[in-house]
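A closer look at the structure
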Amino acid sequence: DAKTTQPPSMDCAEGRAANLPCNHSTISGNEYVYWYRQIHSQGPQYIIHGLKNNETNEMASLIITEDRKSSTLILPHATLRDTAVYYCIVRDQGGSEKLVFGKGTKLTVNP
Amino acid sequence: GAVVSQHPSRVICKSGTSVKIECRSLDFQATTMFWYRQFPKQSLMLMATSNEGSKATYEQGVEKDKFLINHASLTLSTLTVTSAHPEDSSFYICSARVQGGYEQYFGPGTRLTVT
């Protein structure tokens, strides 16, 4: 079973920041938070991951709360091409390699 | 870098026939590859984990004799759906883990329709 909880859907205006929340209250100390997204009828695409520090790359920023029980993926300037299902996954990098996908958040970016 | 391809992208077959799907890591070596299945409006479900040169590990409820997995090289894994039935119609997606790394990179998926 997925260890994360995400809202089923969100809307965002084009050009605005999209903030996607994820709850992972049972996360353990050695588990990382990963974000993937899946555009319709394509394979998932890796976005970003982190352990406890905030992370930023060319695609997005990841903000992890101090207690690590929740996180937020931020797309700073959403475009129509960012419309996708976004999956938040917790994973033990040193143990199981499995990625257990929950239901994710369907983000719709509106013009 | 880290590109994974799948072939074919779409396949239609008749009930009772077998279908082979290929997953290739194009620019890296992958000791481990994963096979997922996704039904419409549902999330990805892991079917099996395959390691190069050894038998695949199947998730609970996945029939190993029906979904044959071969991972004969560091760049190729195949999934064969044997005696396919309409309920096997789904989107099959593979991913590959970079040798010595933790990241998984996904293929574009194969849409299987069994008539």
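Before reading on, note that the structure itself is shown above.
Since this is a predicted model, take the numbers as computed values, not measurements.

**With respect to unusual backbone geometry**
A cis amide bond links H7 of chain B to the next residue, P8 of chain B, at an omega of 0°. Tracing the sequence through the fold places P8 of chain B in the loop between β1 (4-7) and β2 (10-13). You will see that S41 of chain A, though not glycine, has its phi angle at about 65°, which is positive. Within the secondary structure, S41 of chain A is located in the loop between β3 (31-38) and β4 (45-50).

**Comments concerning the pattern of salt bridges**
The full count for this structure, using the stated rule, is four salt bridges over all chains. Here E31 of chain A and K3 of chain A are joined by a salt bridge, their closest N and O atoms 2.7 Å apart. Of this pair, E31 of chain A sits in strand β3 while K3 of chain A is found in the segment before β1 (9-13), placing the two residues 28 residues apart along the sequence. According to the relative accessible area criterion, E31 of chain A is buried, its value standing at 5%. In this structure K3 of chain A comes out as partly exposed when scored by relative accessible area, which is 42%. As a salt-bridge pair, K66 of chain B and D88 of chain B come within 2.9 Å of each other at their nearest N and O atoms. With K66 of chain B in the loop between β6 (57-58) and β7 (67-73) and D88 of chain B in the loop between β8 (76-81) and β9 (90-98), this pair connects stretches of sequence that are 22 residues apart. For the pair shown, K66 of chain B and D88 of chain B are each scored as buried.

Reading the values: rules and limits
Residues numbered from 1 in each chain as written. Chains lettered and ligands numbered in written order. Predicted model: local features only at pLDDT ≥ 70, side-chain atom pairs only at ≥ 80, totals over all residues. Heavy atoms only, no water. Helix = DSSP H or I, 4+ residues; strand = E, 2+ residues; numbered from the N terminus. Salt bridge = Lys/Arg side-chain N within 4 Å of Asp/Glu carboxyl O. Buried < 20%, exposed > 50% of the residue type's maximum accessible area, 1.4 Å probe, protein only.

Interpretation in functional terms is not warranted from these geometric data alone.
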